[in-house]
Each structure stands twice: as C-alpha cells, then as structure tokens.
Amino acid sequence: MASKIIDLRLITYFLRTAELGNITKAASSLNVAQPTLSKAIQQLEYQLRAPLFNRTAQGVEVTPVGERLLRHARLVSAQVTDAIEEVEAMRDGSAGQVRVGAGPSWVRRKLPLAVSIALKERPGIHISITSGFDEGLLAGLEDGALDFVVAEKPLSGGEQKHAFEFLTDDALIVMGRPDHPLAKRNSISPREALAADWALPPQHSLARRKLDGRIISLGETPPEPILVTNSQSFLLSFVLKHDVLLYTTRSVTRIPEGRDLVEIDVPELASSRAAGLIYRHPKLLTPAAQFLAEKIKQVCQDDPIN
C-alpha cells in the first residue's frame, strides 16, 4: 500500500517535469542534477506503485495515472503558493498575487474600475486577469490557477465545487443591428426568429446553453449558427456588419462595441442572468484576493446591472 505521506518536493519535481516534458530541462529549471530528478521521480512512482511518465523521442509524457496526479499537483502547488503569499501579505498588509477569471462583460465594465481602485489603495498587490467563457474559467478555478471568478452564476450541480456570491443581474435577450429585417417589429415568434441567421458563443457557454434550453422548452430546435466564436468582441463587431442575431445581455449596449445594437423583440426567448463572485469550495482567499473581491462588490453596489 502506498504511503499516505508524500514529500512535497517530489510533487514539485513531478509537476515541473510534466509541464516541460523533458527531464533535462526540468532538472535545469529546478536547479538539481538530472540523476537526482530521475531518482526522485522513481521514488514517487514507487510510493504510488504506478508509472507516471512514458519516454518519447522528445522527452517524456505523462501516463493516464500521471494525468490524474498532474491535476491534483497543480492544485497543491497553487494552494502552497497561496499559503506563502498569505503569510507574506499578513506580514506587511499590502502584498500578494491575485488571479482573477472574468466573463466577457466584466472585463469591459466593472472589473477595470474595481482593479483601478484596489491598486490605488494597495499598489503592492499584483493582479492578473484571465478572460473567457464560463467552462474554461471554472476549470481554472478548480485547478487552482485562479483565486476566484467573476461571471454568470453556474448552472446547478456545481455546489460541491463552487461557492457563489450574488452581485448583479441582467436580462438575456436577442439583439441585432438596427437595419436587421426583424429590428423594427414587435412580438416576433421564436419560430420566425430561429429561421434567421445566428452568431453565437460556443455550446458550453452558459448563454448558449440557456438559449438552447429555452428553445427546446418551447418545442423548437436550437439554431445552427453561421458563426461560432469565444470572442465577444468579434461577435459584437460582426453583428454590426451582417444580418445575424445575437443572444447576449441587455447591458452590452453600455459598452462601445455594443452601443449601436438594438433589441430584437422575441419575448419568449428572453431570460435572466444572475452574476457574481465564484470561489472554490470551501472559500479560502488570501487577504489580497479578499481585498479585490470587496472592491468588486463596492463597484457593483453602485451599479447592480451586469
């Protein structure tokens, strides 16, 4: 039976080797001799009683068992880094690295203001922002790459992994350019709207899943979009140049790229979207991350529409 206690040094060595895919490069990066690193990997494999790497012409690649360990190793590494940063932040009260995942609407409106306020008050904090759609951000949160995410509330089923704190809400509606054939009509039926061309985010995004769910509940078939992209900037620019329909928040008209869009009145496809802060469960934040989260909350109190 494998030992229940594994030297954290071995996990660090394994993680760097897996990331670089080459023992020589990993040994150089870790500032250890190659035989030392090879012996450490062998020791870890012995303790786990499973091979972690396969040798290739280019170096090494992780085995299926190694893939599983790699996921946990990244989380352990992130948690250790968090612990060190928290100790440092507690010592001087103003240091720390904060890694935030942000949905597309947040990187344009509330988050820049909150980050600016935070850095003016605590210039020693270092902040990194990762933008994307929901699934990728939540994966980064679960792997320990992100401290928290500010985005749409996840669909039910993730309560054991995530903790959610509500901040804002908005309506999800159909939008298009002002001269779209449906733009000046009222109470358009879902079937007629679905007969038009659509440009949408990927299927795994929450907005797309909500749209598809809404349509299916009406007994219709979700549209096959002529354009799919994970870039909201591209979507907004494209919609203004082509007769396609977009499913997004009403507040998108508050940002420069979306201010010329108009709502297409399809009442039965309208939905709501709650958004806020998403943490790993249980919620454990460094003081620096907690400070930035509080600034985001303050900004949202003044404007609770996302």
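Please refer to the structure placed before this passage.
Before going into details, it helps to say that this report is about the structure given with it. (Residues numbered from 1 in each chain as written. Predicted model: local features only at pLDDT ≥ 70, side-chain atom pairs only at ≥ 80, totals over all residues. Heavy atoms only, no water.)

Focus: empty space enclosed by the protein
- Applying the stated rule across the entire model yields one cavity of 30 Å³ or more.
- The space that makes up the largest cavity amounts to roughly 270 Å³.
- Along the walls of the largest cavity sit 23 residues, with Pro-104, Phe-133, Ala-207, Gln-232 and Arg-273 positioned nearest its centre.
- Counting only elements with at least two residues in the lining of the largest cavity, the list comes to α6 (134-143), β5 (148-152), α8 (206-217), α9 (232-239) and β9 (246-249).
- Looking at the lining of the largest cavity element by element, the count peaks at four residues for β9.
- Each residue belonging to the lining of the largest cavity can be placed in one class, and the counts come to 13 nonpolar, seven polar and three charged. (1 Å grid on protein atoms, 1.4 Å probe; cavity = no way out; pocket = protein on both sides within 12 Å on 5 of 7 lines; lining within 4 Å. Points joined across faces, edges and corners; volume = space filled by probe spheres on them. Helix = DSSP H or I, 4+ residues; strand = E, 2+ residues; numbered from the N terminus. Nonpolar A, V, L, I, M, F, W, Y, C, P; charged D, E, K, R; others polar.)

A few points about unusual backbone geometry
- Despite not being glycine, Arg-49 shows a phi value in the positive range, around 55°.
- By the secondary structure assignment, Arg-49 is in the loop between α3 (34-48) and β1 (53-55).
- With relative accessibility at 64%, the residue Arg-49 sits in the exposed group.
- For Ser-187, which is not a glycine, the phi torsion comes out positive at approximately 50°.
- Relative to the elements of secondary structure, Ser-187 occurs in the loop between β6 (162-176) and α7 (190-194).
- Accessibility expressed as a relative area gives 55% for Ser-187, which makes it exposed. (Buried < 20%, exposed > 50% of the residue type's maximum accessible area, 1.4 Å probe, protein only.)

A short note on the nonpolar core
- In this structure, Val-98, Trp-106, Phe-148, Val-150, Leu-277, Leu-292 and Ile-296 are the most contacted members of the largest nonpolar core, which totals 25 residues.
- Residue assignment for this core shows that the elements contributing at least two residues are β3 (96-102), α5 (110-121), β5, β6, β11 (271-280) and α10 (287-302).
- With eight residues, α10 is the single largest residue contributor to this core.
- If we skip the residues at most four places from it in the chain, Trp-106 touches Leu-111, Pro-112, Val-150, Ala-151, Leu-167, Thr-168, Ala-275, Gly-276, Ile-296, Cys-300 and Asn-306.
- Of all hydrophobic cores here, the second largest spans 21 residues; its members include Leu-10, Ala-18, Leu-44 and Phe-53. (Core = buried A, V, L, I, M, F, W, Y, C linked by side-chain atoms within 4.5 Å. Contact = heavy atoms within 4.5 Å.)

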